[in-house]
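In case you want the letters, here they are:
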Amino acid sequence: MILQRLFLVFIAITLAACGTTGGKKRYKTAYKKPPINVTVGAGPNREMAIYAMKFIGTPYYFGGSSPEEGFDCSGLIQYSAKRALNINMPRVTAQQSEFGQRINADELKAGDLVFFNTTRQPNSHAGIYLGDTFFVHSPSSGGVVRVDSLTNPYWQPRINDARRIK
């Protein structure tokens, strides 16, 4: 019985160690639930953040890149960048994550891009930062374009990159 308990403690400690970030700087603060009305902060790409907010509630559609068909995460970014900033972004998150200038997550300003590792692949998901920890994105099949917080326990540990596109 004691041996079984020690084994369980060992497994718990081992699993906890596997979940560490390895010293990579993360966006750390207390969780903030998105308010009904999110204010878009200041930033060099603020217009893109404001533009993307028009699509809240638009259905997720894999490969979607317009409000008529729906958006996936990279489609929302590409569409918003083109319409709001006249910037031709690549279509997929892996290529978008190489566009512009890399910044630390604690330097994010409205309109910057934030990337996540959601499928054990770096930059497998992306959103547009709004300010005050909030970002707009098209999360997954069956979902809609929505606002979430970087402090959400799901998103926070999955942040793996941030970019400023102008």
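Just above, that's the structure.
Being a predicted model, the structure only gives us computed values, none of them experimental. (Residues numbered from 1 in each chain as written. Predicted model: local features only at pLDDT ≥ 70, side-chain atom pairs only at ≥ 80, totals over all residues. Heavy atoms only, no water.)

### Description of the packing of helix H2 (residues 46-53) against helix H3 (residues 73-85)
Two quantities define a packed helix pair, namely the angle between the axes and the distance from one axis to the other. Between H2 and H3, the shortest axis-to-axis distance is 8 Å and the interhelical angle comes to 120°. As far as their axial angle goes, H3 and H2 are oblique. Crossing hand, H2 versus H3: right-handed. Residues Glu 47, Met 48, Tyr 51 and Ala 52 of H2 pack against Leu 76, Ile 77, Tyr 79, Ser 80, Ala 81, Arg 83, Ala 84 and Leu 85 of H3. Class assignment for the residues of the contact of H2 with H3 results in nine nonpolar, one polar and two charged. (Axes fitted to C-alpha atoms, helices over the stretch in contact; angles between N-to-C directions. Helix = DSSP H or I, 4+ residues; strand = E, 2+ residues; numbered from the N terminus. Parallel < 35°, antiparallel > 145°, perpendicular 65-115°, else oblique. Left-handed = near helix turned anticlockwise from the far one by under 90°. Contact = heavy atoms within 4.5 Å. Nonpolar A, V, L, I, M, F, W, Y, C, P; charged D, E, K, R; others polar.)

### Some words on the nonpolar core
Across soluble globular proteins, you tend to see nonpolar side chains buried next to one another. Counting 27 residues, the largest nonpolar core has Leu 113, Ile 128, Leu 130, Val 136 and Ile 165 as its most contacted members. Broken down by secondary-structure element, the contributors of at least two residues to this core are H2, H3, strand E4 (113-116), strand E5 (125-131) and strand E6 (134-137). Each residue touching Ile 128, except ones within four places of it in the same chain, is listed here: Met 48, Ala 49, Ala 52, Ile 77, Ser 80, Gly 111, Asp 112, Leu 113, Phe 135 and Val 136. Grouped together as the second largest cluster of nonpolar side chains are 11 residues, Ala 105, Phe 116, Trp 155 and Ala 162 included. (Core = buried A, V, L, I, M, F, W, Y, C linked by side-chain atoms within 4.5 Å. Buried < 20%, exposed > 50% of the residue type's maximum accessible area, 1.4 Å probe, protein only.)

### Overview of the packing of aromatic side chains
For the structure shown, the criterion picks out nine aromatic pairs. For the ring pair Tyr 154 and Trp 155, a centre distance of 4.8 Å and an interplane angle of 85° mean the geometry is edge-to-face. The ring of Tyr 79 has Arg 83 sitting right over it, with the charged end atom 4.0 Å from the ring centre. (Phe/Tyr/Trp six-rings, centres within 6.5 Å; stacked < 30°, edge-to-face > 60°. Lys NZ or Arg CZ within 6 Å of the ring centre and 35° of its normal.)

### A short note on unusual backbone geometry
Although it is not a glycine, Asn 123 sits at a positive phi angle of roughly 60°. By the element assignment, Asn 123 lies in the loop between E4 and E5. Despite not being glycine, Thr 133 shows a phi value in the positive range, around 80°. Note that Thr 133 resides in the loop between E5 and E6. Under the relative-accessibility criterion, Thr 133 is labelled buried at 2%.

### Thoughts on the environment of Arg 120
For Arg 120, the position within the fold is in the loop between E4 and E5. Separated by 38 residues in the primary sequence, Arg 120 and Arg 158 have C-alpha atoms spaced 9.3 Å apart.

### Thoughts on the sheet that holds strand E8 (residues 159-164)
Pairing is antiparallel across the open sheet formed by six strands, whose spatial order is E3-E8-E4-E5-E6-E7. At either margin of the open sheet sits one strand with a lone partner, and together these are strand E3 (101-102) and strand E7 (146-149). Two strands pair when backbone bridges link them, and E4 and E5 are joined in this way by four bridges, in the antiparallel orientation. Residue pairing across strands places Leu 113 opposite Ile 128, the latter belonging to E5. Sheet strands in contact with H2 are E4, E5, E6 and E7, and its direction is about 110° off that of E5. Docked against the sheet, H3 engages E4, E5 and E6, running at close to 50° with respect to E5. (Pairing = 2+ DSSP bridges.)

Shape descriptors only; they carry no functional weight alone.
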